[in-house]
Every structure is written in structure tokens, then in C-alpha cells.
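Architecture at a glance
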Amino acid sequence: MANETLRAVRGMNDILPAEIGVWQHFEATVRAWLASYGYRELRTPILEQTALFKRAIGEVTDIVEKEMYTFVDELNGESLTLRPEGTASCVRAVIEHNLIYDGGKRLWYQGPMFRHERPQKGRYRQFHQIGVEALGFAGPDTDIEHLLMTARLWRLLGIGEAVTLEINSLGGVESRARHRAKLISYLEAHQEILDEDAKRRLYSNPLRILDTKNPALRALVEAAPRLIDELDAAARAHFDAVCAGLDAAGIAYRINPRLVRGLDYYNYTVFEWVTDRLGAQGTVCAGGRFDGLIEQLGGKSAPACGFAMGIERLLALMAELGQAGSAEGPDAYLVNVGDAAARRAQTVAETLRDGGLSVVLHAGGGSFKSQMKKADASAARYAIILGDDEVAAGEVSLKALRGAAWGDTQQQRVPLQAAVELIKQGVTNGNL
Ligand code: ATP
Ligand code: MG
């Protein structure tokens, strides 16, 4: 229909200029934080072969069963999927480019993920994650590094008081097999309570039933046999070392024996950072160890662990706590009144930028008063005013819009180069 208004796809959001400041603040904080731990960015395509996610995440998981955007590439008949998460792609790239042939690697990725979920607050069909993976490291020290680094990030973002850590161990292959047998017979004995999903998963993936969001199953799940009771000596020692590392660093945590995670590839440590400030979608970061995944995807067996955080949920939490900050304006807004000033304005703006300042040039004419209103609304720190008098004298007028930078809020007329220096002083002193 030619006249129908086109809209964004449901559950997929535009990030508008008014919101971008907090995203950029978040991203800058995250980059510096990752660099401080020696992690390097890996960028992978947003589309992958469908088989990658089926093999990595597992056929009997929410994501693969019902959340993936999968389509056939009509040009060659290949089945492709928009990535629902980042670990599978990361491991695929590491194997494909043989990145860990000479030892472990610390990597991170960021970007949009796609899941066909029911949109609601904190749950979108396109959402964004930062993911961190340490590949090739077997010891609990790497698990601890990830928990310490996430705890540090929450402090950096000003949300440390609002999140808590839950951890569990899923054990190794043998403990899981033992637990699986007990879990199946327990669930078989309560067949009548199971919902459709649980019935379907009873033999294919009973552990996933513990991850259910159905309140009707809560009591059943609470009383189910616990994996943590089945840990063998090696898994126990690993888990104890992780807990000891947290204790030594003074990071509070709760051992949650029901925590299993919604993806197949985890073993040993799993964890989630949760908040009670965001309603139902309270998990802001989740991860753990996945020692079997690299081999499962065709690589040479190597241990690994990592985590991913949901950016939208973290930004919502920052906003909730008043940590979202305010939009940064340019250093200066260049007001130009009259024909001579309008002709000269472009050159003056370029000179200011040569001097290292960010400058918004007023466009579209208008009275002095209306231009000053725009200058104020731009959140600029200074208005630089160019009228016919200033042009004739080769000068500009300068007015601090946000506080006094030199102990003087009065407008003053100075040569252009002097204006550059004064503004820079004000900007670097930050004494606004
Ligand atoms: P949930 O139990 O909330 O569905 P999940 O176990 O499916 O989460 P992961 O695959 O572990 O989530 O993804 C890591 C993080 O990414 C989550 O903790 C959450 O912060 C975020 N996340 C996951 N799915 C979405 C979504 N649809 N919209 C927004 N954020 C999401
Ligand atoms: Mg989910």
C-alpha cells in the first residue's frame, strides 16, 4: 500500500540521538575496561550457517527450537540464521583462523543479536550484547578473572549496589550423566505436573526443564535432584577454587543450585548477575565455562569460558539508578547574524575546528535572540557570536552558556585565536 506508514520491525528499536549519549558512554567505559584486562575485539558476520547454532547451542533449547530468524538464501539454497548470540560465531572464527594454536586468547565482541521472542520491557527481537571469551584456559583463575572483571564493570557503571551474583557448577560429563538419570526418574514420577515443553524435553534435555520460566513448575524444580550434589572431585575442587577466589576478592555471591542456563554448551561454573530493579527481565549478564564447545564445533579440544551481557537491560538499570548521565553538547555554537557574518561563518567555524574545538554552525538565519535559543538548546558550552561589527574588526564575541569559565559570564569580544584559547582553557579546566 503506497500510503501505509512504514515502521521498524516489531521488537527492533531505533536508537535515537537523544538516547545515544548513554550508549556511547557505556561503550567507551566497556572498551577501556576490556583493554585494562588485555581482551581484544573480534568482529564476526551477523549471518552464519544455521548448522552452527544448532550444533553449538543445542537442538532442544528455546533459542534453536523457537527463537531463531532462519531463512533460505534463495541464491544458493543455503540455510542461514541471524546470530542469536555471539559465542558460537566467536568459536567458529577461532577454529577457522586457528587463533589458539599458540596458546590461550582473551577475546570480546559486541553487537546486535536476534531472537524471535515476545517483545516486552527488557526483551527485544534485536538486542545488543557485549560478550567476553577466554579460550584455551582450563583453570579456575580464568573463571575468577571473569567474575572480578564483571564486578569491576558494575562499579564503573555505578550499578554495583543493584546487582547480585549467583553461581553454580554443572559438573563434568560424568556428574551430569549421574544427575540426568536421577532427574529423569524424578520428573517421570511427576509426569502429571509437566507442561508441554517439559514433556518434550524429558528425555532429550531434562536439565533444560530446570531453566523453565513456568511458575507452575517452580515447586517441582525446587525439589528436583541437584547437580551440585553429584560433583566429582575435580569439579568440586574447581568450584571451591572459584568460590575461594570470590571470597578473597570480597565479592558477595549466592550459590544457586537451580541455575543451569538456557544453552547446552556449559559445564563446570555457570553464573548470572541479577537485579531486582528491572521487573521480570532481571538477568543483566550470564556466562560460565564451556570446555566441550570448541571440539564440538570441529576444533582441537580446548577449554573455554566466557559471558555475555545485555546492553539494553544494563542501560535500563543505569537509568533506574540515575547513572545514565546527560547528553554532551559541542564546545561551541556559532551564532551568525547578518549577511557579512553568514558569509564568513563557515571559515570561522573551520578555524575553530583547526584549533581542536567541536563547533555547531548555526544554519538558516534568524534573529540574534532565536539563534541564542538554539545555542542554548544545543547544550554547547559557549556561544560564539559573529555579527557585522565582529566581521569588520576580525573578531568574535564569546559568551559562556554553562557557568562561568573565567569567573566572568559577561559577553566579551576577542580576536578569533584568543577565543580558541579561552574556550580550550574552559573546556580542559572543566570549570563550568
Ligand atoms: P533470558 O532467561 O532472560 O531469556 P537468556 O538466558 O536467554 O536470558 P543469554 O542467552 O544468556 O540470555 O544472553 C545473555 C544476556 O543477554 C541476558 O542475560 C540478557 O541480559 C540479554 N538478553 C537475552 N535475550 C534478550 C532479549 N531478547 N532482549 C534483551 N536482552 C536479552
Ligand atoms: Mg532467553
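The coordinates are above.
What comes next concerns the included structure. Predicted, not measured: the structure shown is a model, and the values here were computed from it.

What to know about the site of ligand 1
Around ligand 1 sit 17 residues in total, of which Arg115, Glu117, Arg123, Arg261 and Thr283 are the nearest. Between ligand 1 and the protein, one listed contact pairs a nitrogen atom with a side-chain N or O atom of Glu117 at 2.6 Å. A distance of 2.9 Å separates a nitrogen atom of ligand 1 from a polar backbone atom of Tyr124. Burial of ligand 1 by the surrounding chains reaches 91%, relative to a free accessible area of 590 Å². Listing elements by their share of the shell around ligand 1, those giving two or more residues are strand E6 (126-135), strand E10 (283-289) and strand E11 (304-310). Tallying contributions element by element places E10 first for the shell around ligand 1, with 4 residues. Per-class residue counts for the shell around ligand 1 are 7 nonpolar, 4 polar and 6 charged.

Re helix H12 (residues 311-320)
Counted residue by residue, H12 has 7 buried out of 10 residues, so it is predominantly covered. Listing the buried residues of H12 in full gives Ile311, Glu312, Arg313, Leu314, Leu315, Leu317 and Met318.

Quick notes on helix H13 (residues 339-354)
Across its 16 residues, H13 extends 24 Å between first and last C-alpha, which sits within 8% of the 22 Å expected from 1.5 Å per residue. Phi for Gly356, located one or two positions after H13, is positive at around 95°.

Some words on the nonpolar core
Membership of the largest hydrophobic core comes to 47 residues, with the highest contact counts inside it found for Leu135, Leu187 and Phe290. If you look at the next biggest cluster of nonpolar residues, it comprises 44 residues, including Leu147, Val163, Trp273 and Phe307.

Describing the sheet that holds strand E2 (residues 47-49)
The strands making up a sheet are joined through hydrogen bonds of the backbone, oriented either antiparallel or parallel. An order of E2-E4-E3 is seen for the 3 strands of this open sheet, with the pairing classed as antiparallel. Each edge of the open sheet carries a strand with a single partner, namely E2 and strand E3 (70-72). In this sheet, adjacent strand axes meet at a mean angle of 35° when their direction is disregarded. Of the pairings in the sheet, the one linking E2 to strand E4 (residues 79-82) comprises 3 bridges and is antiparallel in character. In the strand pairing of E4, Leu47 is matched with Leu82. Helix H2 (residues 50-57) rests against E2, E3 and E4 of the sheet, and its axis sits at about 75° to E2.

Here is what the cut-offs are and how they apply
- Residues numbered from 1 in each chain as written.
- Chains lettered and ligands numbered in written order.
- Predicted model: local features only at pLDDT ≥ 70, side-chain atom pairs only at ≥ 80, totals over all residues.
- Heavy atoms only, no water.
- Near = heavy atom within 4 Å.
- Polar contact = N/O pair within 3.5 Å; in protein donor to acceptor, adjacent residues only side chain to side chain.
- Areas by Shrake-Rupley, 256 points an atom, 1.4 Å probe, with all protein chains shown as cover.
- Helix = DSSP H or I, 4+ residues; strand = E, 2+ residues; numbered from the N terminus.
- Nonpolar A, V, L, I, M, F, W, Y, C, P; charged D, E, K, R; others polar.
- Buried < 20%, exposed > 50% of the residue type's maximum accessible area, 1.4 Å probe, protein only.
- Expected span 1.5 Å × (residues − 1).
- Core = buried A, V, L, I, M, F, W, Y, C linked by side-chain atoms within 4.5 Å.
- Pairing = 2+ DSSP bridges.
- Axes fitted to C-alpha atoms, helices over the stretch in contact; angles between N-to-C directions.
- Contact = heavy atoms within 4.5 Å.

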